[in-house]
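Each chain, letter by letter, is given below.
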Amino acid sequence: MKKLPYLLVLPMLMIGCVGSKPVETVYVSPAPAFDEDSAYVYVAEQCQFGPRVMNSAAHDSCGEYIARQFKRFGATVYDQYADATLYDGTPVRMRNIIASYNPDASARILISGHWDSRPWADNDPDEEKHHTPIDGANDGGSSVGILLEIARQLQLQADSGKVKVGVDLICWDAEDSGESGGLKESSWCLGSQYWSGVRHIDGYTARYGINLDMVGGNNTVFYREQISMAYAPSIVDKVWAAAHRIGYGKYFSYDDKGGGITDDHVQVNRGGIPCIDVIGTDTQDGGFPATWHTVNDNIKNINRETLKAVGQTMLEVIWTEQ
Ligand code: AHN
Ligand code: ZN
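Notes on the packing of helix α4 (residues 137–156) against helix α9 (residues 304–320)
Across the interface, α4 lies against α9 with an axial gap of 10 Å and an inter-helix angle of 45 degrees. Comparing the axis directions of α4 and α9 gives the class oblique. Seen along the crossing, α4 lies across α9 with a hand that is right-handed. Contacts between α4 and α9 involve S142, I146, I150, Q153 and L154 from the first element and L307, V310, G311, M314, L315, I318 and W319 from the second.

In structure tokens, the structure reads:
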């Protein structure tokens, strides 16, 4: 009984507000809730195949898994197979996997990430690990985990009429077998390099693209990357504004700390579609995330909140595109 007065005070204050101007308006997003637990499971399932390094059985089985999931989520799935050669001379068979929603719409947006994982943990503090392949839970797995959850949400809301554009979710192959040190730039991003010349469909184009890379780690922040700012500044603005509007401003920083990074978005731009890179930076040292190209890039170091911040921002962009 002692608590009763408090219960009475609140409604009276509320009555006092009737007719007066609200101080804050609450933004109501048209997008569904991105389920980070679901995205996390998709990251874990990719890792369970083992490192998805080029020419391996784990790689090929995981490719089947990704295509199967997209089909299960109602997408029209295209496979783009191609041959390439790594910088060390190894021939590889690549598979870009493209999941399309509303395939007949002419207004389209593209969201992508690579699905292969690095064959060498050459940034590991322990030099003995430099030839060990990595799980790539964050570097590769996180982007695809988010793309799969976006696919699931697109299927759940397929009949709502709320998504006004076609959406293509592209999983690039052979991104991460490049020469470290970044000297030989063309040794990275072989799948997207191929696609920038030969599209999965003749004449394919999109309004713009968003590439995701290392979007599920701990202590992660996203800065406005320089090549994105040069080629697609309005898309950077659009994505960062979407994140801030829905409460993820902490993750999408406006500080001018973004470098210019060789990544799959460069190839999409080269192919004539303005594309940005949402790529994780470590909040402590300002470099790539701490597990980058180490054996610690595994499921234990995946952070659901980071997946949620990026995934929900992607749904916000898709569901508000007119
Ligand atoms: C370079 O290291 C040249 N680019 C980084 C691209 C990358 C690798 N993203 C993830 N792994
Ligand atoms: Zn990598």
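This is not the end of the story, as more comes after the structure.
A short note on the packing of aromatic side chains
For any pair of aromatic rings, the description consists of the separation of the ring centres together with the inter-plane angle of the planes. Enumeration according to the criterion identifies nine aromatic pairs in this entry. Each ring, one from Y87 and one from W120, has its centre 6.1 Å from the other, and the planes form 70 degrees; the classification is edge-to-face. With Y87 in the loop between β1 (76–85) and β2 (91–101) and W120 in the loop between β3 (108–114) and α4, this pair connects stretches of sequence that are 33 residues apart. Overall, the relative accessible area of 32% leaves Y87 in the partly exposed class. Residue W120 is classed as buried on the basis of its relative accessible area, which comes to 16%. Each member of the aromatic cluster is reached from another via a ring pair, and the members are W172, W195 and Y204. Directly above the aromatic system of W195 lies the positively charged group of R199, at a separation of 4.6 Å from the ring centroid. Stacked on the ring of Y40, the Lys or Arg R304 has its end atom at 3.8 Å from the ring centre.

Quick look at the site of ligand 1
Neighbouring ligand 1 are D139, E175, D176, W188, D213, M214, T262, F288, W292 and H293. One of the side-chain nitrogen or oxygen atoms of D176 is found 3.1 Å away from a nitrogen atom of ligand 1. In this structure, H293 approaches ligand 1 through a side-chain N or O atom, which is 3.3 Å from a nitrogen atom. Contact with the protein chains removes 92% of the 320 Å² of surface that ligand 1 exposes when unbound. Along the lines of polarity and charge, the residues of the shell around ligand 1 split into four nonpolar, two polar and four charged.

Thresholds, definitions, all that
- Residues numbered from 1 in each chain as written.
- Chains lettered and ligands numbered in written order.
- Predicted model: local features only at pLDDT ≥ 70, side-chain atom pairs only at ≥ 80, totals over all residues.
- Heavy atoms only, no water.
- Axes fitted to C-alpha atoms, helices over the stretch in contact; angles between N-to-C directions.
- Helix = DSSP H or I, 4+ residues; strand = E, 2+ residues; numbered from the N terminus.
- Parallel < 35°, antiparallel > 145°, perpendicular 65-115°, else oblique.
- Left-handed = near helix turned anticlockwise from the far one by under 90°.
- Contact = heavy atoms within 4.5 Å.
- Phe/Tyr/Trp six-rings, centres within 6.5 Å; stacked < 30°, edge-to-face > 60°.
- Buried < 20%, exposed > 50% of the residue type's maximum accessible area, 1.4 Å probe, protein only.
- Lys NZ or Arg CZ within 6 Å of the ring centre and 35° of its normal.
- Near = heavy atom within 4 Å.
- Polar contact = N/O pair within 3.5 Å; in protein donor to acceptor, adjacent residues only side chain to side chain.
- Areas by Shrake-Rupley, 256 points an atom, 1.4 Å probe, with all protein chains shown as cover.
- Nonpolar A, V, L, I, M, F, W, Y, C, P; charged D, E, K, R; others polar.

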